[in-house]
Amino acid sequence: MAGDATEKLKRVKAELRYVTLPDDSQLERIREFIRKKFDASEVRLKLTEDPSIGGGFILTARGLIYDWSNAGRTGQFEKLIENVLRETQYDEKDLLDILKAEVNDFELHAESNEVGRVDFVGDGIAELKGIDHAEYGEVVIFDDGTRGMVQNIEIDKVGCILFGREQDIREGMRAVRTHKRASIPVGDDFLGRVINALGEPIDGLGKIKAVSHRPIEFPAPGIVDRKSVGVPLETGILAIDSMFPIGRGQRELIIGDRQTGKTSIATDTIINQKGKNVKCVYVAIGQKASTVAKIVSTLKKVGAMEYTIVVSATASDPAPLQYIAPYSATAIAEQFMYKGDDVLIVYDDLSKHAVAYRAISLLLGRPPGREAYPGDVFYLHSRLLERSSRLSPELGGGSLTALPVIETQAGDVSDYIPTNVISITDGQIFLESDLFFEGQRPAVNVGLSVSRVGGAAQSKAMKKAVGSLRIDLAQYREMAVFTQFSSDLDPATKAMLSHGEALMELLKQPLEHPLSLAEQVISLVAANNKLLDDIGKKKVGEFQKGMLEYMEKIHGDIVRTIDQRQMLDEDLTEKIINCVKEFKDGKWKEK
Ligand code: ATP
Ligand code: MG
């Protein structure tokens, strides 16, 4: 059909038989399809209403049929071909082959208005029938405007989680594909606000202007796109910054039983970012609304809300919202990271997140595994935490530091979810009930806590000042157990015990009192040079406070030098020791 037929080929006549007339944009797409298919410059499309096909439409062009009708899909296909055969010169086998190939091909174009029907709804889950091409993670919209996300694809049905009220969804209701993945509005205006997992404000302060949308699930940056962790993210908590430093882009787990101060460490870290140009995102998953309100009011009180976004999916929110909340929050944080900012994100907590996911998975009919969690519960958290990173300078050099929180039962870190998350993160801060109740707060267990990359990010001043703190504490703990019941100890043991006690006292820190680098360095230098050992256990805290005030007031230059140069040399150490002695013999004695 080449040669002089070319001219004729350019104009194509086609017929579209339909039940409901396609809209203009659909018609344009059909025309475009024919144009491409036959290399035509002009398409004459004849529209014929034909209720006999039952639904959908049939397109006939140049002897070929593109069938997207109910009739075609339910076995009347052959009959239609017979009709066409009578009118064309193709033999049967040829036409069947062509048609099958073309119909398969054409499905890709015709599926855009695929509609399914609700077969089951309940517990935040809906099952749809009739949507065959829906993809995992795709958003579907129900007739009443409620959105859902496809999570399960089975042979004859599709399982979705619902992002709205399921009360308004009825069996038989229609649901349409959107071809879009779930996304969330993002932008600078979100700072200072409390939002839900869908990005809607819940603080009653009115609408939030979004600059764009970001998908809630987003691939983590690859190795080439990353830079190694090298800048510290200071928590302001002496016990952490000295022994388990956290770097920007790191993921450090906060793990401990209930009521051991996990949330407090996270919020104190947020408070310490004031004036340090770090944006913070706090995600509450499965917590009481009152707890979240308390955290927000604390952050407001100290002026930390200005650079913080709180994403809240409380225990009373449906499980699907609790499930997507950390991903949504990460998307909001990523917006800042890819702009080149440093961001801190707190996931409080991932144990409840795993529980919400387990509920959804069981409802969706997925096979339960260990402790009834689904098989992909590791992937649930790994794909979330992998998104934390420090980007290379070419990508703007932003960073996302994550502090996930995990609640243990009776201090058991070898449980399923805790071990999973421990193996994903770059270290953990282990909080212990016993320490907490003894009054050692923050209740950091020095032996079980670790930071696998933060050391590279620790400032030189801090590295020098820390000295042998960890070893001294370990020795003290060992010794304290042995000497618990003996009364007469040799002087060397006594000295070691009182040194250890002074160190433990020094690591106690009240809430909302972050220490600057200089304050931490001065405290450590004083302690490591045994200047606190003879103060008396009960007075260490008071002494430290007085000492730091004295240093700030009388020797401000030393404080400034440490904070600016972040270095500590012999000379400076000597100066600090002298000043502390000066305070101890002067002001402290006078008291
Ligand atoms: P939950 O398991 O309920 O989430 P949690 O482990 O997050 O608890 P927090 O809520 O942070 O613990 O703290 C529990 C209580 O301990 C709070 O009342 C808090 O004020 C107190 N607390 C935490 N850290 C300290 C501290 N360093 N000094 C004094 N009190 C503290
Ligand atoms: Mg908590």
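Residues numbered from 1 in each chain as written. Chains lettered and ligands numbered in written order. Predicted model: local features only at pLDDT ≥ 70, side-chain atom pairs only at ≥ 80, totals over all residues. Heavy atoms only, no water.

1. Points about the overall build of the protein
Next, step 1: Helix and strand counts for the protein stand at 20 helices and 20 strands.
Next, step 2: Here the C-alpha radius of gyration of the protein, 33 Å, is well above what a compact globule of 591 residues would show, namely 25 Å.
Next, step 3: Along the first, second and third principal axes, the C-alpha atoms of the protein reach 110 × 50 × 45 Å.
Next, step 4: Sorting the 591 residues of the protein into buried and exposed places 52% on the buried side. (Helix = DSSP H or I, 4+ residues; strand = E, 2+ residues; numbered from the N terminus. Rg over C-alpha atoms; globule rule 2.2 N^0.38 Å. Buried < 20%, exposed > 50% of the residue type's maximum accessible area, 1.4 Å probe, protein only.)

2. What to know about the layout of surface pockets
Next, step 1: Quantified by volume, the largest pocket comes out at close to 990 Å³.
Next, step 2: Taken together, 34 residues form the lining of the largest pocket, with Gln259, Gly261, Thr263, Ser264 and Thr291 sitting closest to its centre.
Next, step 3: Of all the secondary-structure elements, those providing two or more residues to the lining of the largest pocket are helix H7 (262-272), helix H8 (289-301) and strand S18 (399-407).
Next, step 4: Ranked by the residues each element gives to the lining of the largest pocket, the list is headed by H7, at six residues.
Next, step 5: When grouped by side-chain class, the residues that make up the lining of the largest pocket number ten nonpolar, 13 polar and eleven charged. (1 Å grid on protein atoms, 1.4 Å probe; cavity = no way out; pocket = protein on both sides within 12 Å on 5 of 7 lines; lining within 4 Å. Points joined across faces, edges and corners; volume = space filled by probe spheres on them. Nonpolar A, V, L, I, M, F, W, Y, C, P; charged D, E, K, R; others polar.)

3. Brief notes about the site of ligand 1
Next, step 1: Taken together, 13 residues surround ligand 1, and among them Gln259, Lys262, Thr263, Ser264 and Gln509 come closest.
Next, step 2: A distance of 2.7 Å separates an oxygen atom of ligand 1 from a polar side-chain atom of Lys262.
Next, step 3: Contact with the protein chains removes 72% of the 630 Å² of surface that ligand 1 exposes when unbound.
Next, step 4: The pocket occupied by ligand 1, as judged from atoms lying within 2 Å of grid points, is the largest pocket.
Next, step 5: When residues of the shell around ligand 1 are assigned to their parent elements, the largest contribution, three residues, is made by H7.
Next, step 6: Of the residues assigned to the shell around ligand 1, the class counts are three nonpolar, six polar and four charged. (Near = heavy atom within 4 Å. Polar contact = N/O pair within 3.5 Å; in protein donor to acceptor, adjacent residues only side chain to side chain. Areas by Shrake-Rupley, 256 points an atom, 1.4 Å probe, with all protein chains shown as cover. Sits in = over half its atoms within 2 Å of the grid points.)

4. A short note on the sheet that holds strand S6 (residues 125-129)
Next, step 1: Strand order in the closed barrel made by the six strands is S5-S6-S9-S8-S7-S10, with antiparallel pairing throughout. On average, adjacent strands in this sheet sit at an angle of 45° to one another, irrespective of strand direction.
Next, step 2: In terms of strand pairing, strand S8 (residues 147-153) meets strand S9 (residues 158-162) through five bridges, oriented antiparallel. Of the residues in S9, the one forming a bridge with Met149 is Ile161.
Next, step 3: Contacting S8 and S9, helix H9 (residues 319-337) runs over the sheet at an angle of about 80° to S9. (Pairing = 2+ DSSP bridges. Axes fitted to C-alpha atoms, helices over the stretch in contact; angles between N-to-C directions. Contact = heavy atoms within 4.5 Å.)

5. Regarding the nonpolar core
Next, step 1: Core analysis: the largest hydrophobic core is formed by 76 residues, its most contacted members being Ile270, Leu532 and Ile562.
Next, step 2: With eight residues, helix H17 (residues 517-528) is the largest single contributor of residues to this core.
Next, step 3: If we ignore the near neighbours within four places in the chain, the residues touching Leu532 are Ala502, Leu506, Ala526, Ala527, Val540 and Phe543.
Next, step 4: Membership of the second largest hydrophobic core comes to 55 residues, among which are Ile324, Leu391, Leu400 and Val421. (Core = buried A, V, L, I, M, F, W, Y, C linked by side-chain atoms within 4.5 Å.)

By themselves, these observations are geometric and do not establish any function.
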